[in-house]
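# Structural overview
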Amino acid sequence: MSASPSGGPSPNDLRSWGIDLAWSRTIEVPSHDGAAHGWHLLDTATPHPEAVVLCVHGNPTWAASWVPLLERLATTHRLIAVDQLS
């Protein structure tokens, strides 16, 4: 997986996995020493969801592992799949 300038996966990587680019974003997360780190996540941002599901993967994989679940439940649930900070 290659990184984009924002620190998340490149749009080409996301497209190759069949990921809706609207789901991808990077947020800034402060660390204990005050530095900020870019944290990539996929978020279906489903309006009025039945439930919110947080998907966390192990290493050495990334949030794309959850794409089948995101696709299946995106119309009824808000799914947030975070990538581990490195």
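Presented here is an overview of the structure given in this document. All of these numbers come straight from a predicted model, not from anything done at the bench. Sequence positions are assigned chain by chain, starting from 1 and proceeding in written order. Whole-chain, interface and lining totals are the exception, using all residues; otherwise, since this is a predicted model, local features are given only for residues with pLDDT of at least 70 and side-chain atom pairs are given and counted only at 80 or more. To obtain the side-chain values, all non-hydrogen atoms of the structure were included, while hydrogens and water were left out.

## Observations concerning the overall build of the protein
A helix here means a DSSP run of H or I that spans at least four residues, while a strand means a run of E at least two residues long, and both kinds are numbered starting from the N terminus. When helices and strands are counted, the protein shows two helices and four strands. Each residue is assigned to one of three classes by its accessible area relative to the maximum for its type, calculated with a 1.4 Å probe on protein chains only: buried under 20%, partly exposed between the two thresholds, exposed over 50%. Burial statistics for the protein: of 86 residues in total, 34% are counted as buried. Only heavy atoms enter the contact rule, under which two residues are in contact if any of them lie within 4.5 Å. The contacts of the protein with a sequence gap of at least 6 include a subset with a gap of at least 24, amounting to 55%.

## Focus: the pattern of salt bridges
In the sections that follow, a salt bridge refers to a side-chain nitrogen of Lys or Arg positioned within 4 Å of a carboxyl oxygen of Asp or Glu. A complete count under the given rule lists two salt bridges for this structure. Its salt-bridge partner being Asp 43, residue Arg 25 comes within 2.9 Å of it at the nearest N-O pair. With Arg 25 in strand 1 (residues 24-30) and Asp 43 in strand 2 (residues 36-43), this pair connects stretches of sequence that are 18 residues apart. One salt bridge connects Arg 78 with Asp 43, and the closest N-O pair in it is separated by 2.5 Å. Remark: Asp 43 occurs in strand 2 and Arg 78 occurs in strand 4 (residues 78-82); sequence separation between them is 35 residues. What makes Asp 43 buried here is its relative accessible area of 3%.

## Remarks on the environment of Ala 35
Its place among the elements puts Ala 35 in the loop between strand 1 and strand 2. Beyond its immediate chain neighbours, meaning those up to four positions away, Ala 35 contacts Val 29 and Pro 30.

## Focus: the pairing of strand 1
Two faces make up the sheet, and in a regular strand the side chains alternate between them. Only strands that DSSP links by at least two bridges are regarded as paired with each other. In terms of strand pairing, strand 1 meets strand 2 through seven bridges, oriented antiparallel. In the strand pairing of strand 2, Pro 30 is matched with Ala 36. In this structure, the hairpin formed by strand 1 and strand 2 is closed by a connection of five residues, where Gly 34 is found at a positive phi of approximately 90°.

## Examining the side chain of Thr 44
As for its placement among the helices and strands, Thr 44 is situated in the loop between strand 2 and strand 3 (52-56). Within polar-contact distance, the side chain of Thr 44 engages the backbone nitrogen of Leu 79 at 2.9 Å. Sequence-distant contacts of Thr 44, defined by excluding residues within four places in its chain, comprise Trp 23, Leu 70, Ala 74, His 77, Arg 78 and Leu 79. Pairs of N or O atoms within 3.5 Å make up the polar contacts considered here, provided that, within protein, one atom can donate a hydrogen while the other can accept it, and that residues adjacent in sequence are counted only when both atoms are side-chain atoms.

## Points about the sheet that holds strand 4
Pairing within the open sheet is mixed, and its four strands lie in the order 1-2-4-3. The sheet is open, and its two borders are formed by strand 1 and strand 3, each paired with just one other strand. Across the sheet, the mean angle from the axis of one strand to that of its neighbour is 30°, orientation sign disregarded. Fitted lines through C-alpha atoms serve as axes, helices being fitted only where they are in contact, and the angles separating the N-to-C directions of these axes extend from 0 to 180 degrees.

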